[in-house]
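Below are the chains, spelled out letter by letter.
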Amino acid sequence: MTEPVVVYGASGYTGKLIAWHLAEARIPFVAAGRSRARLEAEMAKVPELAGAAYRIAEAPPEEAALTELFQGAQVVYNVTGPFMQLGEPVVKAALAAGCHYLDTTGEADWMRLIRGRYAAGFAKAGRLLAPATSYMWAAGVLATEIALETPGVDSLDVLYLADSATSVASTQSFLRMCTVPQFHLEHGELVEWPFATAYGVVSPDSHRVYRALPWSGGGEPVWYEDDPRVSSCATLVAFRNEAMFGAVIGALEEFERRARHLSEGERLEVATEMATALVSTEPGREDPNRNRSVISCIGRGNATGVKVILRGNSPYLQTGALAAEACRRILGGELLATGFQSPAKAFGARALLGALAARGYHSWDAQLTA
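On a predicted model such as this, the values are computed, not experimentally measured, just so you know.

A. Fine view of the packing of aromatic side chains. A full pass over the atoms with the stated rule returns 10 aromatic pairs. Between Trp215 and Phe239, the aromatic rings sit 5.5 Å apart at their centres with planes inclined by 40°, giving tilted as the arrangement. Of this pair, Trp215 sits in the loop between strand E11 (210–213) and helix H9 (220–224) while Phe239 sits in strand E12 (residues 232–239), and the two are 24 residues apart along the sequence. Among the residues examined, Phe239 registers a relative accessible area of 13% and is labelled buried. When the centroid spacing of 5.3 Å and the interplanar angle of 40° are considered together, the rings of Trp223 and Phe340 count as tilted. Here Trp223, found in helix H9, pairs with Phe340, found in strand E15 (residues 339–340); they are 117 residues apart in sequence, far enough to count as distant. A relative accessible area of 16% means that Phe340 is categorised as buried. We note Arg260 situated over the ring of Phe195; from NZ or CZ to the ring centre the distance is 3.7 Å.

Shown next as structure tokens:
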């Protein structure tokens, strides 16, 4: 294989955005997935791929076939969710083929699963295992790392507020996430969030009170579970579209009535059915003038505090840019750490913030509060 990057699941909404940004970065790649016909049709919809160095490959989500596909590549970028159902053969194959593994998951239970099963293997092989190298949960951990630069800060409270429609796959993923145990870190211990419970939050850029959910608990508590710098870490996610958010809360309340007592497989079927009822068609590309985002991290210590605010736009486009920047740094020999790592640890928080800022996707500031 001459292409150094394989994007598995390239035909989906986010996969096409990653392909676009890789092409802009002039990184050759393989657009891979389960159906060549669908890949060909979807790649043809991406005008930025005209003249780009890529090829299409079909492979079922099975370890042996994927290992063969990945041979000779350096990076596997997995975009096939829900990851708890579809992701493990991709991780196994990436490790077997000697590749770095990154993905776009928002599923905290998936992050913990692959950390437990594969972190040691990737570390031994000198390869990176970095789930959630995407807007969720990379953007939040960039803010938390800036907050932790303030001496004495050991507690992190993170809020995502976005104004974008969700893709079909994202909707299926987050509905499932919100129906399984979700955790935050409190004084070094994992504490479970209650199911189907919304929290009132205020964004730094708005006077309104929005409703927020743990959204799987977020990736930030996963990254900091064993980090001696951090005692407590909680993440909530809100959307400006209150009608959509109300529909999500309604679905979760219905899930508790209909499905909490069912088996795991039956609960997954109900969650998938509800997700399809919420979103059944893909949204258009984000418009930076409309699809804005804010991430706020409040850091506290015993007698000190800091607030870090990331003002940005187009979360899905940010994921594409993060993917291309991560691949560029790996291929350029700029990887800072291997094994199970957050994107901030693997590539540097300020480096990634700079790359996003250069594309107009983010700006940030930090203010001491005590």
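Structure's up, so let's keep going.
B. Examining the pattern of salt bridges more closely. Across all of its chains, the model carries 24 salt bridges by this definition. One salt bridge connects Glu145 with Arg229, and the closest N-O pair in it is separated by 2.9 Å. Here Glu145, found in helix H7 (residues 135–147), pairs with Arg229, found in the loop between H9 and E12; they are 84 residues apart in sequence, far enough to count as distant. With relative accessibility at 11%, the residue Glu145 sits in the buried group. Between Glu334 and Arg329 there is a salt bridge, with the nearest N and O atoms lying 3.0 Å from each other. Within this structure, Glu325, Arg328, Arg329 and Glu334 form a network of salt bridges that share partners.

C. Summary view of the environment of Ala123. In this fold, Ala123 is placed in helix H6 (residues 108–125). Setting aside residues up to four positions removed in sequence, Ala123 forms contacts with Thr338 and Gly339.

D. Examining the environment of Thr197 more closely. Mapped onto the fold, Thr197 is located in the loop between strand E9 (189–192) and strand E10 (199–201). In this structure, the C-alpha to C-alpha distance between Thr197 and Leu252, residues 55 residues apart in sequence, is 8.6 Å. Among residues more than four places away in sequence, those in contact with Thr197 are Ala212, Leu213 and Pro214. Only 2.9 Å separates the side chain of Thr197 from the backbone oxygen of Phe195, close enough to count as a polar contact.

E. Looking closely at the nonpolar core. Counting 117 residues, the largest nonpolar core has Phe70, Tyr101 and Trp215 as the members making the most contacts within it. Examining the composition of this core, we find that 10 residues originate from one element, H7, more than from any other. In this structure, Leu159, Leu161, Val201 and Ala212 belong to the second largest nonpolar core, which totals 9 residues.

F. Layout of unusual backbone geometry. Residue Gly81 is joined to Pro82 through a cis peptide bond whose omega torsion reads 0°. Relative to the assigned elements, Pro82 resides in the loop between strand E4 (75–78) and helix H4 (83–86). Phi is positive for Ala132, which is not a glycine, with a value near 60°. Within the secondary structure, Ala132 sits in the loop between strand E6 (128–130) and H7. Classification of Ala132 as buried rests on a relative accessible area of 0%. If you check the backbone angles, Ser314 has positive phi at about 55° while not being a glycine. With respect to the element layout, Ser314 can be found in the loop between strand E14 (305–313) and helix H12 (315–331). A residue is classified by how much of its surface remains accessible, and Ser314, at 0% relative accessible area, is buried.

G. Focus on the pairing of strand E3 (residues 54–58). Examined bridge by bridge, strand E2 (residues 29–33) and E3 share 5 bridges and lie parallel to one another. Paired with Gly33 across the bridge in E3 is Glu58. Handedness of the β-α-β unit built from E2, helix H2 (residues 36–43) and E3 comes out right-handed.

H. Seen up close, the packing of helix H10 (residues 242–258) against helix H11 (residues 264–278). Taken N-terminus to C-terminus, the directions of H10 and H11 make an angle of 155°; their axes are 11 Å apart at the nearest point. Classified by the angle their axes make, H10 and H11 are roughly antiparallel. Along this stretch, H10 crosses H11, giving a crossing that reads as right-handed. The segment H10 lies against H11, with Met244, Ala247, Val248, Ala251, Glu254, Phe255 and Arg258 engaging Arg267, Val270, Ala271, Glu273, Met274 and Leu278. Residues of the contact of H10 with H11, tallied by class, amount to 9 nonpolar, no polar and 4 charged.

Cut-offs and rules
Residues numbered from 1 in each chain as written. Predicted model: local features only at pLDDT ≥ 70, side-chain atom pairs only at ≥ 80, totals over all residues. Heavy atoms only, no water. Phe/Tyr/Trp six-rings, centres within 6.5 Å; stacked < 30°, edge-to-face > 60°. Helix = DSSP H or I, 4+ residues; strand = E, 2+ residues; numbered from the N terminus. Buried < 20%, exposed > 50% of the residue type's maximum accessible area, 1.4 Å probe, protein only. Lys NZ or Arg CZ within 6 Å of the ring centre and 35° of its normal. Salt bridge = Lys/Arg side-chain N within 4 Å of Asp/Glu carboxyl O. Contact = heavy atoms within 4.5 Å. Polar contact = N/O pair within 3.5 Å; in protein donor to acceptor, adjacent residues only side chain to side chain. Core = buried A, V, L, I, M, F, W, Y, C linked by side-chain atoms within 4.5 Å. Pairing = 2+ DSSP bridges. Right-handed = clockwise from strand over helix to strand, strands pointing away. Axes fitted to C-alpha atoms, helices over the stretch in contact; angles between N-to-C directions. Parallel < 35°, antiparallel > 145°, perpendicular 65-115°, else oblique. Left-handed = near helix turned anticlockwise from the far one by under 90°. Nonpolar A, V, L, I, M, F, W, Y, C, P; charged D, E, K, R; others polar.

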